[in-house]
Amino acid sequence: MDEREFNDLSEQIFARIERSLEANHEALDCERLAGGNLEITCPDDSVMIINRHAVNREIWVAARAGGFHFRLQDGVWVDTRDGAELLQKLAALLTQQSGEVVRLT
């Protein structure tokens, strides 16, 4: 995958995350950062950052629970360590960090 395709595909998943949070989780504040990355602020003011790592063609998540890297495999963004799908892992991390049950669609 070239850089343009990576940027297009990562933008699609970022927009999906942003739409889902804004539609279903008012307690979480999702903001776009420079470069289109996402910053999600929880009710306790803790922050989660989701950003692109173009060199590796990965999406990186920085959460209270640690750092996670996701790579596109067969059309799905999966954790490079345990194979978990991005939206499921992100929902679990946000649930843990925010104390609110989070579902991403």
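Our structure's up above, just so we're on the same page.
Caption draft 1: How the structure looks around the overall build of the protein chain. Looking only at helices and strands, the protein chain has two helices and six strands in total. Reading the protein chain from its N terminus to its C terminus gives the helix and strand order α-β-β-β-β-β-β-α. By principal-axis analysis of the C-alpha atoms, the protein chain measures approximately 40 × 30 × 20 Å. Counting across all 105 residues of the protein chain, residues that qualify as buried make up 40%. Pairs at least 24 apart in sequence give 37% of the contacts found in the protein chain among residues at least 6 apart. Surface exposure of the protein chain reaches about 5700 Å², of which carbon and sulfur atoms provide 46%. In the protein chain, 11 positive and 19 negative side-chain charges are present, and the distance between their average locations comes to 4 Å.

Caption draft 2: Spatial organisation of helix 2 (residues 86–98). Along its 13 residues, helix 2 runs 17 Å from first to last C-alpha, staying within 8% of the 18 Å computed at 1.5 Å per residue. Within the sequence span of helix 2, burial applies to Leu86, Leu87, Lys89, Leu90, Ala91, Leu93, Leu94, Gln97 and Ser98. Contacts made by the buried residues of helix 2 are with helix 1 (3–24), strand 2 (38–41), strand 3 (47–53), strand 4 (58–63), strand 5 (66–73) and strand 6 (76–79). N-capping of helix 2 is provided by glutamate 85, with a side-chain oxygen placed 3.1 Å from the backbone N of leucine 87. Just downstream of helix 2 lies glycine 99, where phi reads positive at about 80°.

Caption draft 3: The arrangement of a negative patch on the surface in detail. Taken together, the side chains of Asp2, Glu3, Glu5 and Asp8 present a region of like negative charge at the surface. Structurally, glutamate 3 can be placed in helix 1.

Caption draft 4: Molecular detail of the packing of helix 1 against helix 2. Direction vectors running N to C along helix 1 and helix 2 enclose 40°, while the axes themselves pass 12 Å from each other. In terms of axis orientation, helix 1 runs oblique to helix 2. Considering only the axes of helix 1 and helix 2, their crossing is right-handed. In this structure, helix 1 contributes Ile13, Arg16, Ile17 and Leu21 to the contact, and helix 2 contributes Leu86, Leu87, Leu90 and Leu94. Tallied by class, residues from the contact of helix 1 with helix 2 come to seven nonpolar, no polar and one charged.

The rules behind each value
- Here the residue index of a chain counts from 1 through its sequence in written order.
- Residue-level local features of this predicted model are given only where pLDDT is at least 70; pairs of side-chain atoms are given and counted only at 80 or more, and the full residue set underlies all totals for whole chains, interfaces and linings.
- As a rule here, side-chain values cover all heavy atoms of the structure and leave hydrogens and water aside.
- Here a helix means four or more residues in a row that DSSP labels H or I, a strand means two or more in a row labelled E, and each is numbered from the N terminus.
- Any residue under 20% of the maximum accessible area for its type is buried, any over 50% is exposed, and the rest in between are partly exposed; the area is computed with a 1.4 Å probe on protein chains only.
- We call two residues contacting when some pair of their heavy atoms lies within 4.5 Å.
- Each accessible area value is a Shrake-Rupley result obtained with a 1.4 Å probe; residue values ignore everything except the protein chains displayed when judging cover.
- Working convention for charge: Lys and Arg count positive, Asp and Glu count negative, and His plus the chain ends are omitted.
- Lysine's charge is taken at NZ, arginine's at CZ, aspartate's at CG and glutamate's at CD.
- To estimate how far a helix should reach, multiply one less than its number of residues by 1.5 Å.
- Definition of a polar contact: a pair of N or O atoms within 3.5 Å, with one able to donate and the other able to accept a hydrogen when the atoms are protein atoms, and with sequence-neighbouring residues admitted only if both atoms are side-chain atoms.
- Like-charged residues within 9 Å of one another, or nonpolar side chains (Val, Leu, Ile, Met, Phe, Trp, Tyr) within 5 Å, are grouped into patches, provided each residue has over 30% relative accessible area and no salt bridge.
- Salt-bridge detection follows one rule: a side-chain nitrogen of Lys or Arg within 4 Å of a carboxyl oxygen of Asp or Glu.
- Angular values range over 0 to 180 degrees, each being the angle between N-to-C directions of two axes fitted as lines to C-alpha atoms, with helices fitted over their stretch in contact.
- Roughly parallel here means an angle under 35 degrees, roughly antiparallel means over 145, roughly perpendicular means 65 to 115, and every remaining angle is called oblique.
- Working rule for handedness: look at the near helix, and if it is turned counterclockwise from the far one by less than a right angle, call the crossing left-handed; if clockwise, right-handed.
- Three classes are used, and their members are as follows: Ala, Val, Leu, Ile, Met, Phe, Trp, Tyr, Cys and Pro are nonpolar, Asp, Glu, Lys and Arg are charged, and the others, Gly among them, are polar.

All we've got here are geometric facts, nothing functional implied.
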